[in-house]
Amino acid sequence: MTDLLKHPDRRTLMMAGGAATIAALLAPRLAVAAPAQVEAEIQKLYAGRPLAEGKIKFDLPSIAENGLVVPLGVEVESAMTDADNVKALHVFADGNPNPSVASFFFTTMMPKAAVQVRMRLAQTQNIVAVAEMADGKLYTLKREVKVTIGGCGG
Amino acid sequence: MATPTPRVRMPATAKAGETIEIKTLISHEMESGNRKDKDGKVIPRKIINGFEAKFNGKQVFKTVWHPAISANPFMSFFVKVPEAGTFEFAWTDDDGSVYKSEQKIAIG
């Protein structure tokens, strides 16, 4: 403390440095998708149809150390019969430059609608899944993943 | 870039009606189109944008991939094997190339 008082110059310098860091953090490095863009993508697919919570389960880390390779597991609860099956599953990430991650189209040859992929996440953000069932019902689920090192561009 | 090499891991035999997990991997850089080279120019996008699995000629599973899929894309899914036959897997590149792999499965 006395050290800081004796050297006001150093203190000013540090504060200026801190302000610069904050400015750098606030300035967007990349144009990223906002939650509104995810919403727009969902509207493009299923304009105006109601989305219910449930049926979907994520297998996602809550903290991803490396945003370049984030394991993503999604399972949609369904009997996968002719009458009751999952037609499609779409995954979005609201903090990536492009909100779409992947779409999966299932058939009744598949006994369960469960998939695993590895994805890139540019920063801490929400993962949104939307499932379309054979009867036309839509289900959704959202989960946040904290990313230590981002994985898009740079 | 070297030609992408697909790799598929699944059992060689199954009981009729048994559920198997199919795991696939293909070597591909999945250039997102968001990165810049050292001169500040955007490196053009080149990814595998789709993957499809067929069994005895019938479509089993299809996916669409976006640049958010990691390099060397991994994909795992489940299939119920009704009879002996051949699985065909196909990955479609942005440049139009299709990388294929086949895997036979016997009932036993």
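What comes next is a walk through the structure.

### A look at unusual backbone geometry
Residue and element names in this part refer to chain A. The phi angle at Lys-55 is positive, at roughly 70 degrees, despite the residue not being glycine. As for its position among the elements, Lys-55 is in the loop between strand 1 (51–53) and strand 2 (56–59). Lys-55 sits in the partly exposed class, given a relative accessible area of 31%. Here Met-80, not a glycine, exhibits a phi torsion of approximately 55 degrees, which is positive. With respect to the helices, strands and loops of the structure, Met-80 is situated in the loop between strand 4 (70–76) and strand 5 (86–93).

### Some remarks on the layout of surface pockets
Rolled over the atoms, a probe as big as a water molecule pinpoints where empty space is left. Residue and element names in this part refer to chain A. If you add up the space inside the second largest pocket, you get close to 170 Å³. Lining the second largest pocket, in full, are Pro-35, Val-38, Glu-39, Ile-42, Leu-51, Glu-53, Asp-94, Val-128, Thr-140, Leu-141 and Lys-142. For the lining of the second largest pocket, the element with the highest residue contribution is helix 3 (residues 35–45), accounting for 4 residues.

### Section: the sheet that holds strand 6 (residues 74–81) of chain B
Reading across the sheet, the 6 strands line up as 2(A)-4(A)-7(A)-6(B)-3(B)-1(B) and stay open at both edges, with antiparallel pairing between neighbours. In the strand order of this sheet, the two ends are held by strand 2 of chain A together with strand 1 (6–9) of chain B, each with one partner. The sheet shows a mean angle of 20 degrees between the axes of neighbouring strands, taken without regard to direction.

### Some details on the interface of chain B and chain A
Facing 30 residues of chain B, the contacting portion of chain A comprises 28 residues. Roughly 2,500 Å² of surface becomes buried between chain B and chain A when both sides are summed, with 58% attributable to carbon and sulfur atoms. The largest per-residue losses of area from chain B upon contact with chain A belong to B:Ala68, B:Phe74 and B:Phe78, which jointly make up 24% of the total buried on that side. Taken together, the links from chain B to chain A amount to 0 salt bridges. Between chain B and chain A we count 13 residue pairs in polar contact (both at pLDDT 80 or more) in total. Mapped by element, the contributors of at least two residues to the side of chain B that touches chain A are strand 3 (18–26), strand 5 (58–65) and strand 6 of chain B. Per-element accounting of the side of chain B that touches chain A gives the leading share, 8 residues, to strand 5 of chain B. Class assignment of the residues belonging to the side of chain B that touches chain A gives a composition of 17 nonpolar, 8 polar and 5 charged. Two strands pair when backbone bridges link them, and strand 6 (residues 100–105) of chain A and strand 5 of chain B are joined in this way by 4 bridges, in the antiparallel orientation. Its bridge partner lying in strand 5 of chain B, A:Phe104 is registered against B:Thr63.

Cut-offs applied
Residues numbered from 1 in each chain as written. Chains lettered and ligands numbered in written order. Predicted model: local features only at pLDDT ≥ 70, side-chain atom pairs only at ≥ 80, totals over all residues. Heavy atoms only, no water. Helix = DSSP H or I, 4+ residues; strand = E, 2+ residues; numbered from the N terminus. Buried < 20%, exposed > 50% of the residue type's maximum accessible area, 1.4 Å probe, protein only. 1 Å grid on protein atoms, 1.4 Å probe; cavity = no way out; pocket = protein on both sides within 12 Å on 5 of 7 lines; lining within 4 Å. Points joined across faces, edges and corners; volume = space filled by probe spheres on them. Pairing = 2+ DSSP bridges. Axes fitted to C-alpha atoms, helices over the stretch in contact; angles between N-to-C directions. Contact = heavy atoms within 4.5 Å. Buried area = accessible area lost by both parts, 1.4 Å probe. Salt bridge = Lys/Arg side-chain N within 4 Å of Asp/Glu carboxyl O. Polar contact = N/O pair within 3.5 Å; in protein donor to acceptor, adjacent residues only side chain to side chain. Nonpolar A, V, L, I, M, F, W, Y, C, P; charged D, E, K, R; others polar.

As far as function goes, none of this settles anything; it's purely spatial.
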